[in-house]
Amino acid sequence: MPESGPTTQGQTTHGPIPTPRAETANPAAPPPTAAPPKAPPTTARRVGLLVTLVLGGLTALPPLSMDMYLPALPEVTQSLRSPAATVQLTLTACLAGMALGQLVVGPMSDKWGRRRPLLIGMVVYVIATAACALAPNVGLLVSFRLLQGLAGAAGIVIARAVVRDLYDGVEMARFFSTLMLISGVAPVVAPLIGAQILRITDWRGVFHVLTVVGVLLTLVVWKWLHETLPPARRHDGGVGSALRTMRGLLADRVFTGYMLSGGFAFAALFAYISASPFVVQEIYGASPQTFSLLFGINSVGLVAVGQINGKLLVGRVSLDKALATGLAVITLAAAALLVMTSGALGDVGLVPIAAGLFVLMSAMGLAMPNTNAQALMRTPHAAGSASALLGTCSFLVGAIASPLVGIAGEHTAVPMAVVQLVCALAAVACFLGLCRPWQRTGTPAGPPTMGR
């Protein structure tokens with residue numbers, strides 16, 4: 001397993017392999033006689049912005065695939081004559097596909113580089129999305145959504161791995177917050193777009209639009225995203241080597257703690273995503289446009305807090321303290337939602353419920369980028385595999401949480417609040433029990449000691 005050299009924090013270079021690690025991949029090589037010419041600052045900024053936009057588009061694809069479809073869920077139940085719990089399996093299937101696909105694509109990207117697996121995944125995503133638009137029944141729709149998720153996993157896992165190739169430490173945490181700003185636009189506009197599509201066509205039109213988005217993003221990746229993992233840092237092993245690498249990562253207690261904390265926090269978020277169309281529209285009688293507006297406001301809160309994390313907190317407050325604050329606020333918001341939805345305070349109406357969901361969503365801006373950064377900081381030797389484990393954990397736990405929110409039917413929001421609170425408490429328990437940040441205060445981040 002080749003070791004990477006030291007990382008230049010925050011540096012992005014241009015050319016076919018824009019990675020600051022490539023120059024130090026061979027420690028035995030003689031030093032160069034002269035330093036290579038530096039790119040002009042304006043060129044470096046342009047390239048850095050371009051990479052940021054491409055990675056932002058890749059991380060925006062999952063919320064586009066999920067959230068643009070949300071306002072159509074009640075219509076799908078009528079169109080395909082299926083109960084709500086069955087239609088919610090279309091969300092679960094896509095989420096499970098994204099989880100399992102990352103386990104395959106992550107190690108592939110460590111072996112063959114980032115670019116080739118990503119392009120293959122994007123092409124399959126386009127085909128599967130087009131098939132969703134033609135599905136004649138809910139069974140085939142679930143199957144095509146599973147394939148869509150399997151292929152879409154390439155964008156998620158490789159985007160995180162590319163960030164790990166290019167950045168380290170505090171700069172990596174800042175970049176994840178920047179990605180949250182870009183990808184956060186997707187959940188803001190996706191339900192609004194979905195609701196407007198439903199005004200002129202049916203739910204199948206949503207998948208037609210997603211197909212076009214997939215084609216455009218595939219062309220952008222092919223044209224502008226260059227390879228970031230040079231051959232000297234790739235892994236030559238097959239499936240057995242990938243499994244050993246993942247086993248070694250899971251043996252690192254702290255990495256596993258961040259992985260599980262992020263996974264359970266994401267499950268609390270996805271409980272909201274899968275339940276909110278029915279809670280807001282069916283229980284509280286809001287229109288698809290009102291639901292889309294509330295969903296967009298919540299997404300703005302998540303993006304805003306993510307930017308506060310990246311621009312103001314990172315470098316001034318430890319990542320663990322910011323993460324702990326986010327998990328605490330998520331837990332308190334979930335507890336408040338349970339009290340309100342259970343009727344303990346009477347019929348509270350939509351506004352207090354929307355306020356509680358806004359607080360919960362906003363706090364994700366502290367939890368999600370910091371769990372990713374802290375986990376990936378420990379894994380410079382296998383960023384693709386580590387990214388795959390992070391994504392798989394999040395999406396699998398989210399896939400399990402999704403059908404539970406509708407277990408008591410379409411006329412109560414209590415299951416949503418219960419799932420959110422249980423997931424939040426589990427995230428806190430993993431953070432305190434496995435990460436144990438008080439034991440590492442003042443300790444610089446470095447390669448993990450497996451099993452520590």
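Residues numbered from 1 in each chain as written. Predicted model: local features only at pLDDT ≥ 70, side-chain atom pairs only at ≥ 80, totals over all residues. Heavy atoms only, no water.

**Concerning helix 13 (residues 350–376)**
Next, step 1: Compared with an ideal rise of 1.5 Å per residue, which puts 27 residues at 39 Å, helix 13 spans 39 Å between its outermost C-alpha atoms and is within 8% of the ideal.
Next, step 2: Counting buried positions along helix 13 yields 20 of 27 residues, so the element is predominantly enclosed. (Helix = DSSP H or I, 4+ residues; strand = E, 2+ residues; numbered from the N terminus. Expected span 1.5 Å × (residues − 1). Buried < 20%, exposed > 50% of the residue type's maximum accessible area, 1.4 Å probe, protein only.)

**Overview of helix 14 (residues 383–404)**
Next, step 1: The terminal C-alpha atoms of helix 14 lie 32 Å apart, and with 22 residues this matches the ideal 32 Å at 1.5 Å per residue to within 8%.
Next, step 2: With 18 of 22 residues buried, helix 14 is to be regarded as a mostly interior element.

**Some thoughts on the packing of aromatic side chains**
Next, step 1: Counted under the stated rule, the structure contains 3 aromatic pairs.
Next, step 2: Arranged with centres 6.2 Å apart and planes meeting at 90°, the rings of Trp-203 and Phe-207 form a pair that is edge-to-face. When sorted by exposure, Trp-203 lands in the same class as Phe-207, which is buried.
Next, step 3: Pairing Phe-266 with Phe-270 gives two aromatic rings, centres 6.2 Å apart and planes at 20°, and the pair type is stacked. Here Phe-266 and its partner Phe-270 are both found in helix 10 (residues 253–283), 4 residues apart, which amounts to about one turn of the helix.
Next, step 4: With relative accessibility at 1%, the residue Phe-270 sits in the buried group.
Next, step 5: One Lys or Arg, Arg-145, reaches over the ring of Tyr-69 and ends 4.6 Å from the middle of that ring. (Phe/Tyr/Trp six-rings, centres within 6.5 Å; stacked < 30°, edge-to-face > 60°. Lys NZ or Arg CZ within 6 Å of the ring centre and 35° of its normal.)

**Considering the nonpolar core**
Next, step 1: Ranked by size, the top nonpolar core spans 123 residues in total, and within it Leu-55, Leu-58, Tyr-69 and Leu-141 carry the most contacts.
Next, step 2: Among the elements that take part in this core, helix 10 stands out by supplying 17 residues, more than any other.
Next, step 3: Each of domain 1 (50–226) and domain 2 (238–439) accounts for three or more of the residues forming this core.
Next, step 4: With near-sequence residues (within four places) excluded, Leu-55 lies in contact with Ala-159, Val-162, Val-163, Phe-175 and Leu-179. (Core = buried A, V, L, I, M, F, W, Y, C linked by side-chain atoms within 4.5 Å. Domains from an automatic or database assignment. Contact = heavy atoms within 4.5 Å.)

**Overview of the state of the cysteines**
Next, step 1: According to the stated counting rule, one finds 0 disulfides in the structure shown.
Next, step 2: Cys-430 supplies the cysteine sulfur nearest to Cys-393, a cysteine that is in no disulfide, at a spacing of 8.2 Å.
Next, step 3: Here Cys-435 stays free of any disulfide, with the sulfur of Cys-430 as its closest cysteine sulfur at 8.0 Å.
Next, step 4: The buried category is assigned to Cys-435, whose relative accessible area is 1%. (Disulfide = S-S within 2.5 Å.)

**Side note on unusual backbone geometry**
Next, step 1: The backbone of Arg-81 shows a phi angle near 50°, a positive value even though the residue is not glycine.
Next, step 2: By the element assignment, Arg-81 lies in the loop between helix 2 (73–79) and helix 3 (84–87).
Next, step 3: A relative accessible area of 75% places Arg-81 in the exposed class.

**Topic: the packing of helix 10 against helix 14**
Next, step 1: Packing of helix 10 against helix 14 leaves a shortest axis separation of 7 Å and a crossing angle of 40°. Our classification of the angle between helix 10 and helix 14 gives oblique. Helix 10 and helix 14 meet at a crossing whose hand is right-handed. Each of Phe-255, Met-259, Leu-260, Gly-262, Gly-263, Phe-264, Phe-266, Ala-267, Phe-270 and Ser-274 in helix 10 lies in contact with helix 14, whose residues at this interface are Ala-386, Leu-389, Leu-390, Cys-393, Ser-394, Phe-395, Val-397, Gly-398, Ala-401 and Ser-402.
Next, step 2: The residue inventory of the contact of helix 10 with helix 14, partitioned by class, reads 14 nonpolar, 6 polar and no charged. (Axes fitted to C-alpha atoms, helices over the stretch in contact; angles between N-to-C directions. Parallel < 35°, antiparallel > 145°, perpendicular 65-115°, else oblique. Left-handed = near helix turned anticlockwise from the far one by under 90°. Nonpolar A, V, L, I, M, F, W, Y, C, P; charged D, E, K, R; others polar.)

**Here we look at the packing of helix 6 (residues 138–166) against helix 14**
Next, step 1: Axis separation between helix 6 and helix 14 bottoms out at 8 Å; the angle between their running directions is 135°. Judged on the interaxial angle alone, helix 14 and helix 6 are oblique. The handedness of the crossing between helix 6 and helix 14 comes out as right-handed. For the pair helix 6 and helix 14, the contacting residues are Ile-156, Val-157, Arg-160, Ala-161 and Arg-164 in the first and Ala-383, Gly-384, Ser-387, Ala-388, Leu-390, Gly-391 and Phe-395 in the second.
Next, step 2: Each residue belonging to the contact of helix 6 with helix 14 can be placed in one class, and the counts come to 7 nonpolar, 3 polar and 2 charged.

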